[in-house]
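Per-entry structural report
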Amino acid sequence: MVKLLLLHSFLVLITLLKCTTTLAQAPAPGPSGPTNITAILEKAGQFTTLIRLLKSTQMADQINQQLNNSNQGITLFAPTDNAFSNLKSGTLNSLTDQQKVQLVQFHVLPSFISVSQFQTVSNPLRTQAGNSNNGQFPLNVTTTGNQVNITTGVVNTTVANTIYTDNQLAVYQVDQVLLPLQLFGPPSPAPAPSKSKKESPPSSSDAPTASSDDAPVDSSGAVVLTRHLIVSFIVAVFAAFSL
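Numbering of residues begins from 1 in every chain and follows the order in which that chain's sequence is written. Note on the predicted model: pLDDT of at least 70 is required for a residue's local features to be given, and 80 or more for side-chain atom pairs to be given and counted; whole-chain, interface and lining totals, by contrast, use all residues. Hydrogens and waters are ignored; side-chain quantities use all the structure's heavy atoms.

**Focus: the packing of aromatic side chains**
- Pairing of aromatic rings covers Phe, Tyr and Trp, the last through its six-membered ring, and needs centres within 6.5 Å; plane angles under 30 degrees mean stacked, over 60 mean edge-to-face, and all others mean tilted. Under the criterion given, the structure shown has four aromatic pairs.
- Here Phe-106 and Phe-137 contribute two aromatic rings whose centre-to-centre distance is 6.1 Å and whose plane-to-plane angle is 50°, an arrangement assigned as tilted. Taken together, the residues span a long stretch of sequence, with Phe-106 in the loop between helix 6 (97-105) and strand 2 (108-109) and Phe-137 in the loop between strand 2 and strand 3 (140-144) at a distance of 31 residues. The pair formed by Phe-106 and Phe-137 is uniform in burial state, with each residue classed as buried. The numbering of helices and of strands both runs from the N terminus, where a helix is a DSSP run of H or I of at least 4 residues and a strand a run of E of at least 2. Whether a residue is buried, partly exposed or exposed follows from its accessible area with a 1.4 Å probe, protein chains only, as a fraction of its type maximum: under 20%, in between, or over 50%, in that order.

Right, dumping it as structure tokens:
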């Protein structure tokens with residue numbers, strides 16, 4: 001009887017150990033509720049300026065709507081507060097409301113891209129700011145091992161950290177604000193003034209020709225004749241007096 005009780009207790013102990021091991025291996029449940037981009041950034045910290053821009057431009061609502069109502073996915077490059085502080089004083093205040101929207105959109109890719117996928121993407125990347133092929137909003141990435149390098153034509157930076165990633169949303173920390181060429185590039189040169197055609201000198205055929213009436217008269221013959229008549233007259237006079 002004692003042996004049966006010991007055997008029963010041993011089996012119960014093994015069962016409890018197996019249950020405990022199974023519970024320990026179970027993954028922790030994910031956050032409840034729909035994905036919220038500003039909540040993710042607030043939890044990460046150091047993204048106060050970006051959160052304010054996302055809200056004021058209504059890009060936060062647009063991103064959340066796309067994440068929760070479609071399967072397209074989103075990739076966000078998130079500049080830190082220090083990145084915004086390093087901008088030239090008054091940079092954000094100098095932008096119009098539309099330009100602020102374009103600045104935020106330039107940090108958003110309309111698809112989910114993991115770190116490993118950056119090695120095979122085609123440049124320039126398409127952002128939500130506009131068509132990159134016309135040279136207005138080019139965003140190019142290169143990789144060196146696991147490092148992702150980003151260039152905009154104005155700024156060169158790297159992905160410093162992965163803040164959040166799942167199969168639909170990827171948020172990467174960048175230590176510089178991605179300034180698009182369209183908004184922060186050098187101004188387009190003014191068109192050169194059109195050169196006036198130089199007046200060509202008149203050709204010989206265009207030169208006025210003298211008419212026969214305008215031709216100079218050769219008077220040398222008349223002068224000689226006049227002198228001859230005067231001499232003859234004087235000789236005749238002297239001859240008359242000598243008679």
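**Focus: the packing of helix 2 (residues 37-44) against helix 3 (residues 48-56)**
- Only the stretch in contact is used when fitting a helix axis, every axis being a line fitted to C-alpha atoms; angles between N-to-C directions are given from 0 to 180 degrees. Close contact between helix 2 and helix 3 brings their axes to 10 Å; oriented N to C, the two are set at 165°. When the interaxial angle is binned, helix 2 and helix 3 end up roughly antiparallel. For helix 2 against helix 3, the interelement crossing comes out left-handed. Here Thr-38, Leu-41 and Glu-42 of helix 2 lie close against helix 3, whose contacting residues are Leu-50, Ile-51, Leu-54 and Lys-55.
- Looking at side-chain class alone, the contact of helix 2 with helix 3 contains four nonpolar, one polar and two charged residues. Geometric relationships in this document are graded by angle, where less than 35 degrees denotes roughly parallel, more than 145 denotes roughly antiparallel, 65 to 115 denotes roughly perpendicular, and other angles denote oblique. With the far helix as reference, a near helix turned anticlockwise by less than a right angle produces a left-handed crossing, and one turned clockwise produces a right-handed crossing. Two residues form a contact once any of their heavy atoms are found within 4.5 Å. Gly is placed with the polar residues, together with every amino acid not listed as nonpolar (Ala, Val, Leu, Ile, Met, Phe, Trp, Tyr, Cys and Pro) or charged (Asp, Glu, Lys and Arg).

**Observations concerning the confidence of the model for the protein chain**
- A residue's pLDDT is the predictor's confidence in that residue, given on a scale from 0 to 100. Confidence in the prediction for the protein chain averages 76 pLDDT; 60% of positions are at 70 or higher.
- A low-confidence stretch, residues 209-217 stays under pLDDT 50, and its non-local contacts, those more than four residues away or across chains, total zero contacts.

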